[in-house]
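The chain contents come next:
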Amino acid sequence: MLVSVFTLNCWGILGISRDRKVRMQAIAEEISSGKYDLVLLQEVWVKKDFESIRVVASSVLPYSLYFHSGVIGSGLCVLSKFKIIDSFYHQWVVNGYFHKIHHGDWFGGKGVGYCKVVTNEGIKINVYTAHLHAEYDTNHDEYLAHRFLQAFDTSQLIRHTRYSGDITILGGDLNTEPGSGAYRMLIHNTNLNDAFVSKHGTRPDYLGCTNETLENSYTPRQLRRQNHPGKRIDYIMFSSSNAYNMSTLECKNPLPSCVPGQGFNYSDHEAVSTTFEISLSMTDESRVVNLAERSRVLHDGLKVCQKALEKLEYRGSAYFICFLASTVLSIFLFIFVTMPMFISSICHSLLWLVSLFFLYMATVWNMMERNGILSGFDGLEVNIRSLEET
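My aim in this report is to walk through the structure given alongside it, one point at a time. Note that this is a predicted model, so its numbers are computed, not measured.

## Observations concerning the overall build of the chain
Phase 1 of the analysis: Looking only at helices and strands, the chain has eight helices and 12 strands in total.
Phase 2 of the analysis: Taking 390 residues into account, the globule formula puts the C-alpha radius of gyration at 21 Å, and the chain, at 23 Å, falls close to it.
Phase 3 of the analysis: Summarising its shape, the C-alpha atoms of the chain cover approximately 85 × 60 × 45 Å along the three principal directions.
Phase 4 of the analysis: For the chain, the residues scored as buried account for 51% of the 390 residues in total.
Phase 5 of the analysis: For the chain, long-range pairs separated by at least 24 residues make up 73% of all intrachain contacts whose partners lie at least 6 apart in sequence.
Phase 6 of the analysis: As displayed, the chain has an accessible area near 18,800 Å², and 57% of this comes from carbon and sulfur atoms.
Phase 7 of the analysis: Seen as two clouds, the 35 positive and the 38 negative side-chain charges of the chain have centres 3 Å apart.

## With respect to the layout of surface pockets
Phase 1 of the analysis: In this structure, the largest pocket spans a volume of roughly 1,300 Å³.
Phase 2 of the analysis: As for the largest pocket, its lining consists of 50 residues, of which Ala134, Tyr136, Asn175, Asn211 and Glu212 are closest to the centre.

## Some thoughts on unusual backbone geometry
Phase 1 of the analysis: Here Asn191, not a glycine, exhibits a phi torsion of approximately 65 degrees, which is positive.
Phase 2 of the analysis: You can see Asn191 is positioned in the loop between α4 (181–188) and β9 (193–194).
Phase 3 of the analysis: Given a relative accessible area of 26%, Asn191 falls into the partly exposed group.

## Here we look at the sheet that holds strand β5 (residues 83–91)
Phase 1 of the analysis: In spatial order, the strands read β5-β6-β7-β8-β10-β9; together these six strands make up an open sheet with mixed pairing. Of all the strands in the sheet, the pair left with one neighbour each is β5 and β9.
Phase 2 of the analysis: In the sheet, strand β8 (residues 167–173) pairs with strand β10 (residues 234–240) via seven bridges, with the strands oriented antiparallel. Of the residues in β10, the one forming a bridge with Thr168 is Ser239.
Phase 3 of the analysis: Those strands touched by α4 are β8, β9 and β10, and its axis lies near 20 degrees from that of β10.

## Considering a nonpolar patch on the surface
Phase 1 of the analysis: A grouping of Leu329, Ile331, Phe332, Phe334, Ile335, Phe336, Val337 and Trp352 is seen on the molecular surface, where their side chains present a nonpolar patch of about 830 Å² in accessible area.
Phase 2 of the analysis: Within the fold, Leu329 resides in helix α7 (residues 291–336).

## Regarding the side chain of Ser17
Phase 1 of the analysis: Here Ser17 is to be found in the loop between β1 (2–12) and α1 (20–31).
Phase 2 of the analysis: Under the relative-accessibility criterion, Ser17 is labelled buried at 8%.
Phase 3 of the analysis: From its side chain, Ser17 meets the backbone oxygen of Trp11 in a polar contact 2.9 Å long.
Phase 4 of the analysis: Reaching out from Ser17, the side chain makes a polar contact with the backbone nitrogen of Ile13 at a distance of 2.8 Å.

## Describing the nonpolar core
Phase 1 of the analysis: Core analysis: the biggest nonpolar cluster contains 37 residues, and Leu170, Leu174, Met185, Met237, Ile373 and Leu380 have the highest contact counts within it.
Phase 2 of the analysis: Mapped onto this core, the elements with two or more residues apiece are β6 (111–118), β7 (124–131), α3 (144–161), α4, β10, α7 and α8 (341–389).
Phase 3 of the analysis: Element by element, the count of residues in this core is highest for α7, at eight residues.
Phase 4 of the analysis: Once residues within four sequence positions are removed from consideration, Leu170 is found in contact with Tyr128, Thr129, Ile158, Leu186, Leu192, Tyr235, Ile236 and Met237.
Phase 5 of the analysis: If you look at the next biggest cluster of nonpolar residues, it comprises 27 residues, including Trp11, Ala26, Ala57 and Phe264.

## A few points about empty space enclosed by the protein
Phase 1 of the analysis: Across all of its chains, the model carries one cavity of 30 Å³ or more by this definition.
Phase 2 of the analysis: When its volume is computed, the largest cavity comes out at roughly 40 Å³.
Phase 3 of the analysis: In terms of lining residues, the largest cavity is bounded by Asn216, Leu255, Pro256, Asn265, Tyr266, Ser267, His269, Glu270 and Ala271.
Phase 4 of the analysis: Split into classes, the residues belonging to the lining of the largest cavity amount to four nonpolar, four polar and one charged.

## Considering the state of the cysteines
Phase 1 of the analysis: Per the stated rule, a full pass over the model turns up zero disulfides.
Phase 2 of the analysis: Sulfur of Cys10: no disulfide; nearest cysteine sulfur belongs to Cys77 and is 6.7 Å away.

## A look at the pattern of salt bridges
Phase 1 of the analysis: In this structure the tally under the stated criterion is 15 salt bridges.
Phase 2 of the analysis: For Lys110, the salt bridge goes to Asp105, with nearest N and O atoms at 2.6 Å.
Phase 3 of the analysis: Judged by its relative accessible area of 3%, Asp105 falls in the buried class.
Phase 4 of the analysis: In this structure, Asp194 engages Arg232 in a salt bridge whose closest nitrogen and oxygen atoms are separated by 2.9 Å.

## Topic: the sheet that holds strand β4 (residues 77–80)
Hydrogen bonds along the backbone pair up the strands of a sheet, which may run parallel or antiparallel.
Phase 1 of the analysis: One open sheet holds the six strands; their spatial order is β3-β4-β2-β1-β12-β11, and the pairing between them is mixed. A strand with exactly one partner marks an edge of an open sheet, and here the two such strands are β3 (63–66) and β11 (244–252). Strand after strand, the sheet turns through a mean of 15 degrees between neighbouring axes, direction not considered.
Phase 2 of the analysis: As judged from the four bridges shared by β3 and β4, these two strands associate in the antiparallel manner. Bridge pairing in β4 links Tyr66 to Cys77.
Phase 3 of the analysis: Here helix α2 (residues 47–57) sits on the sheet and contacts β2 (38–44), β3 and β4; the angle it forms with β3, its principal contact strand, is near 170 degrees.

What counts and what doesn't
Residues numbered from 1 in each chain as written. Predicted model: local features only at pLDDT ≥ 70, side-chain atom pairs only at ≥ 80, totals over all residues. Heavy atoms only, no water. Helix = DSSP H or I, 4+ residues; strand = E, 2+ residues; numbered from the N terminus. Rg over C-alpha atoms; globule rule 2.2 N^0.38 Å. Buried < 20%, exposed > 50% of the residue type's maximum accessible area, 1.4 Å probe, protein only. Contact = heavy atoms within 4.5 Å. Areas by Shrake-Rupley, 256 points an atom, 1.4 Å probe, with all protein chains shown as cover. Lys, Arg positive; Asp, Glu negative; His and termini not counted. Charge placed at Lys NZ, Arg CZ, Asp CG, Glu CD. 1 Å grid on protein atoms, 1.4 Å probe; cavity = no way out; pocket = protein on both sides within 12 Å on 5 of 7 lines; lining within 4 Å. Points joined across faces, edges and corners; volume = space filled by probe spheres on them. Pairing = 2+ DSSP bridges. Axes fitted to C-alpha atoms, helices over the stretch in contact; angles between N-to-C directions. Patch = residues over 30% accessible without salt bridge, like charges linked within 9 Å, V, L, I, M, F, W, Y side chains within 5 Å. Salt bridge = Lys/Arg side-chain N within 4 Å of Asp/Glu carboxyl O. Polar contact = N/O pair within 3.5 Å; in protein donor to acceptor, adjacent residues only side chain to side chain. Core = buried A, V, L, I, M, F, W, Y, C linked by side-chain atoms within 4.5 Å. Nonpolar A, V, L, I, M, F, W, Y, C, P; charged D, E, K, R; others polar. Disulfide = S-S within 2.5 Å.

So yeah, pure geometry; function would need other evidence.
Spelled out as structure tokens, the structure:
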């Protein structure tokens, strides 16, 4: 049996993503071509876009699911040729910052979407799609712990739900490059295979890139001038139960360089498609698990969490000092500075709002983030102890 999977970050942010409506229509036409059995999309943040894609593709992908979450929706959706018989959405505990509006990850209530589909042959496929927190600044990655723990949460979810199906497929914009901590967590804590590596091996970095590529019309000019080929951060990963064999026949970037008749790409990301061959296994041998690599990445996760907790303690103190400073300034202006009533009211209101923001960040938000990281830290420790006892 052959199963074709397609994943794409659609870059569908209302009012920000350029050429959105034309691109969404082109994406709908591509996935309605009948070439794909499972389609996993990210950043479909306008509900009308999902509805239009769903309608256009319904003749070949009659089953679909949008994962609602957060303020603007998770942006994740699945379209399937096969019947969807189960689903749920798991929102990650640590998920960016609400005041970083220009990043926006928090507003999507990011997490991992899961659905189970069953083929005409009766094979049950557990399908997961996710969009991990973006990096934004490689040299100062303030979201490293968030992304690492999102990968750990996702890997734990897959580990504990995969046995209800015959095949496991994870696809999406994972915002992590091969060899990085989050990537290794998803591979080694689940024993998943990277379809690109399965088909092409460890090829040079410029092959299979899916973001900030030289050919993409939405790649910033300053990056193009650096002549950097881009990075591979969008993936299709897979595994099978002992009852089935699963091999990668094809893994590629399937979309043309431009939307037909237009001078721009389908998205600021490149799509990834993979064709799998699934057959009954003639043996009952268990899959080999690299316990050493799993232990190593779990320990790496502990170190990342420890550093994050140290930074949280510092940030909590800094926010509290800012709260005290803004409060003192407000009192000082009220007592010693004379100004018109209207201006005075505005200044004091703004200062008190700023003070309350600093107090909230120093207390409520700091504790929420701390507990989220501690939850992941405890989970990592439990897994490490379990490994050491085996």
